[in-house]
Amino acid sequence: MANPIMIQGTTSNAGKSVLCAALCRVFHQDGLRVAPFKSQNMALNSFVTHEGLEMGRAQVLQAQAAGIQPSVKMNPILLKPTTDVGSQVIVNGVPRGHFPAREYFKMKTSLIPDIIEAYQTLSAENDVIVIEGAGSPAEINLKQNDIVNMGLAKMVDAPVLLVADIDPGGVFASLYGTVALLEPEERARIQGLIINKFRGDVTILEPGLKMLEDLTGIPVVGVMPYLQLDLDDEDSLAQRFQKNNEGGAVEIAVIRLPRLSNFTDFNPLERMAEVSLRYVRSQAELGAPDLIILPGTKSTISDLNWLRESGLASAIQRHAASGVPVIGICGGYQMLGHTVSDLNHMESGGMAEGLGLLNMTTLFHGEKTRTRVTGRIERADGLFAPLNGYSFHGYEIHMGQTEQNTPAFSLLSNGQHDGGANGNVWGTYVHGIFDDGELAAALVNCLLREKGMEPTAHSLNWSDYQEKQLDDLADIARKSLDFERIYPLIGGKP
């Protein structure tokens, strides 16, 4: 059976996901069989495995760091918020239904057998399990029946490293206060403290580190710097909203829907020198982009209603009528039609009028679609015509079936058609369609030609790019963390 080690945080956004990825990469580089694990994940950014099962993308990144294929065993419970007080509950990759927070809180202990079975399966196949907690172990209102922090650490007998984010300030109080609020047996599990996202000369921290060790009786095992790496973790969306990669000749506006999901679809576009990509929430922010993208959403109808109330719906319609290209992905694709109906309350219920840019309707019924796909673009039109013949791969993960009365955008390898196209507007159900660097570059070159510019965009091998980022992360972790203290926690260095 594997030796576990767990990363818990004093808060959300402390950097747990990336630190777990760092440990996975270091242990993998050192010859250990390692797998990530998070018993319960709350995220709208999800992934479909080759078995057609759904899991959080943070564990997908960690699996890549560990050099293994992602498995739902790494994330047996996934919560996808549909409202401020309720979520879709996914267990072992399959939806169990929508539950209000209070109802889920009552039922979550019934999921412990699923958690233990998933963990034991991974444990039997690996040398080390790197476990990620959620939020903070000191949320005293949630400690009863905990299945994701100290409750899980006790179940699997895992030593804990506690991490805090120094960037907002108060890091010493955060670490000390968290330790102080824990029960004695919980404190005993914490074998090291980590300060994360530090900028500057680490020697300035040393007096405080010594005092913190004296006060808690727990060693500080590292100070991680503020990373300038390009990694996808659960908290990276907030960072995207705060920055615009300006300077590119092509301006792309992604509509920042309230329940926006799978923002990783746009990573390859963001990394291209020719592109300036912005997330926008208002007509004023929309401006005059060269391309508008409607992304995926976990609540299509409520986000479509928000689109109308904000005035963005009419603004997008005006842009499309003037020739500005519009692309919809998954829920964004559904919004391009005439209506979206959820009469059986598969998501938020009700019916909403779409943008009417594609001649189609969507009805929510039946099972959730979860599948990996490959395909080829066949019916791109207008300025997008050069995309015809390009292949792609990705995954579908959506409620609802669309009745398409316009030409299908692409042909999938299973013989089915996907999406729809009408001049400068097209939509698809496929997440990750731009992960193929050649297609992303071809799209940007279409936009450059439309502006009368040379098509200079080149493809980026997204997989190689991610591998380089993970190797750089491991190098930083080796320099910043005391592995002489960490390795004994998992039985020693091989």
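In case you missed it, the structure is sitting above this.
Only a predicted model underlies this, so the values are computations on that prediction, with no experimental measurement involved.

**Comments concerning the overall build of the protein chain**
The helix and strand inventory of the protein chain stands at 17 helices and 28 strands. In terms of C-alpha radius of gyration, the protein chain reaches 23 Å, essentially the compact-globule figure of 23 Å for 494 residues. Taking the principal axes of its C-alpha atoms as reference, the protein chain extends roughly 65 × 50 × 40 Å. Every one of the 494 residues in the protein chain was classed for burial, and the buried ones make up 58%. In the protein chain, once contacts between residues fewer than 6 apart in sequence are set aside, the share between residues at least 24 apart is 73%. Between the averaged position of the 40 positive side-chain charges in the protein chain and that of its 57 negative side-chain charges there is a distance of 3 Å.

**So, the packing of helix α1 (residues 16-29) against helix α16 (residues 462-480)**
Put simply, α1 and α16 touch, their axes get as near as 8 Å, and they point 90° apart. Here α1 is positioned roughly perpendicular relative to α16, judged by the angle of their axes. Contact residues: α1 offers V18, A21, A22, R25, V26 and Q29, while α16 offers E467, L470, D471, L473, A474, A477 and R478. Here the residues of the contact of α1 with α16 are counted per class, giving eight nonpolar, one polar and four charged.

**Here's the deal with the sheet that holds strand β9 (residues 128-132)**
In spatial order, the strands read β2-β9-β1-β10-β11-β12; together these six strands make up an open sheet with parallel pairing. Two strands close off the open sheet at either side, each with one partner strand: β2 (34-37) and β12 (220-225). Averaged over all adjacent pairs, the angle separating strand axes in this sheet is 20°, with direction ignored. When strand β10 (residues 160-165) meets strand β11 (residues 190-198), the two strands line up parallel, connected through six bridges. The partner of V163 across the bridge, within β11, is I194.

**Here's the deal with the nonpolar core**
I255, L269, L307 and L387 are the most contacted members of the largest nonpolar core, which has 71 residues in total. It is helix α15 (residues 437-450) that provides the largest number of residues to this core, a total of nine residues. Once you skip the residues sitting within four places of it in the chain, L307 turns out to touch I255, L257, L294, L312, A313, I316, M335 and L355. In terms of nonpolar packing, the next biggest core, distinct from the first, is built from 52 residues, F47, A63, V72 and L162 among them.

**Details of the sheet that holds strand β27 (residues 420-422)**
Read from one edge to the other, the open sheet built from six strands follows the order β15-β13-β16-β18-β28-β27, with strand pairing classed as mixed. Sheet topology places β15 (275-280) and β27 at the edges, where each strand pairs with a single neighbour. Taken pair by pair, the neighbouring strands of this sheet meet at an average axis angle of 15°, ignoring direction. The pairing of strand β13 (residues 250-255) with strand β16 (residues 291-294) spans three bridges and is classified as parallel. Along β16, the bridge assignment pairs A253 with I292. Together, β13, β16, β18 (326-329) and β28 (425-428) form the strand contacts of helix α13 (residues 312-321), whose direction differs from that of β16 by roughly 135°. Along the sheet, α15 contacts β13, β15, β16 and β18; its crossing angle with β13, the most-contacted strand, is approximately 120°.

**As for α15**
Compared with an ideal rise of 1.5 Å per residue, which puts 14 residues at 20 Å, α15 spans 20 Å between its outermost C-alpha atoms and is within 8% of the ideal. Counted residue by residue, α15 has eleven buried out of 14 residues, so it is predominantly covered. Burial in α15 covers these residues: G437, L439, A440, A441, A442, L443, V444, N445, C446, L447 and L448. Where α15 begins, the capping side chain belongs to D436, and its oxygen is found 3.0 Å from the backbone nitrogen of E438.

**Observations concerning the pattern of salt bridges**
Scanning the entire structure with this criterion turns up 21 salt bridges. Here D30 and R478 are joined by a salt bridge, their closest N and O atoms 2.8 Å apart. With D30 in the loop between α1 and β2 and R478 in helix α16, this pair connects stretches of sequence that are 448 residues apart. The partly exposed category is assigned to R478, whose relative accessible area is 33%. E251 serves as the salt-bridge partner of R278, at 2.6 Å between the closest nitrogen and oxygen. Here the residue R278 occupies a position in strand β15, and E251 occupies one in strand β13, the gap between them amounting to 27 residues.

**As for the packing of helix α6 (residues 171-181) against helix α8 (residues 206-216)**
It is at 11 Å that the axes of α6 and α8 come closest, and there the two elements cross at 10°. Considering the angle they form, α6 stands roughly parallel to α8. Side by side, α6 and α8 meet where F172, L175, Y176 and V179 of the first sit next to G208, L209, L212, L215 and T216 of the second.

The rules behind the values
Think of each chain on its own: its residues are numbered from 1, step by step along the sequence as written. A pLDDT threshold of at least 70 governs which residues receive local features in this predicted model, and a stricter bar of 80 or more applies before side-chain atom pairs are shown or counted, although totals over entire chains, interfaces and linings include all residues. Derived side-chain values reflect all non-hydrogen atoms in the structure, with water molecules and hydrogen atoms excluded from consideration. Strands here mean DSSP runs of E at least two residues long; helices mean DSSP runs of H or I at least four residues long; both are numbered from the N terminus. As defined in this context, the radius of gyration uses C-alpha atoms, and a globule is described by 2.2 Å times the residue total to the power 0.38. Each residue's exposure class comes from its accessible area (1.4 Å probe, protein chains only) as a fraction of the maximum for that residue type: buried when under 20%, exposed when over 50%, partly exposed otherwise. Contacts: residue pairs with any heavy atoms within 4.5 Å of one another. His is not counted, nor are the chain ends; Lys and Arg add positive charge and Asp and Glu add negative charge. In plain terms, the charge of a residue is placed at NZ if it is Lys, CZ if Arg, CG if Asp and CD if Glu. Lines fitted to C-alpha atoms define the axes, with helix axes restricted to the stretch in contact, and inter-axis angles between N-to-C directions lie between 0 and 180 degrees. When describing relative orientation, an angle under 35 degrees is termed roughly parallel and one over 145 degrees roughly antiparallel, while 65 to 115 degrees is termed roughly perpendicular and anything else oblique. Note that Gly is not counted as nonpolar here; it falls among the polar residues with everything else outside the nonpolar set of Ala, Val, Leu, Ile, Met, Phe, Trp, Tyr, Cys and Pro and the charged set of Asp, Glu, Lys and Arg. Between any two strands, pairing holds if DSSP finds at least two bridges. For our purposes a nonpolar core is just a set of buried Ala, Val, Leu, Ile, Met, Phe, Trp, Tyr and Cys residues, chained together by side-chain atoms within 4.5 Å. Every helix has an expected span of 1.5 Å times one less than the residues it contains. Here a polar contact is taken to be a pair of N or O atoms separated by no more than 3.5 Å, where protein atoms must pair a possible hydrogen donor with a possible acceptor and residues adjacent in sequence count only if both atoms sit in side chains. What counts as a salt bridge is simple: a side-chain nitrogen of Lys or Arg found within 4 Å of a carboxyl oxygen of Asp or Glu.

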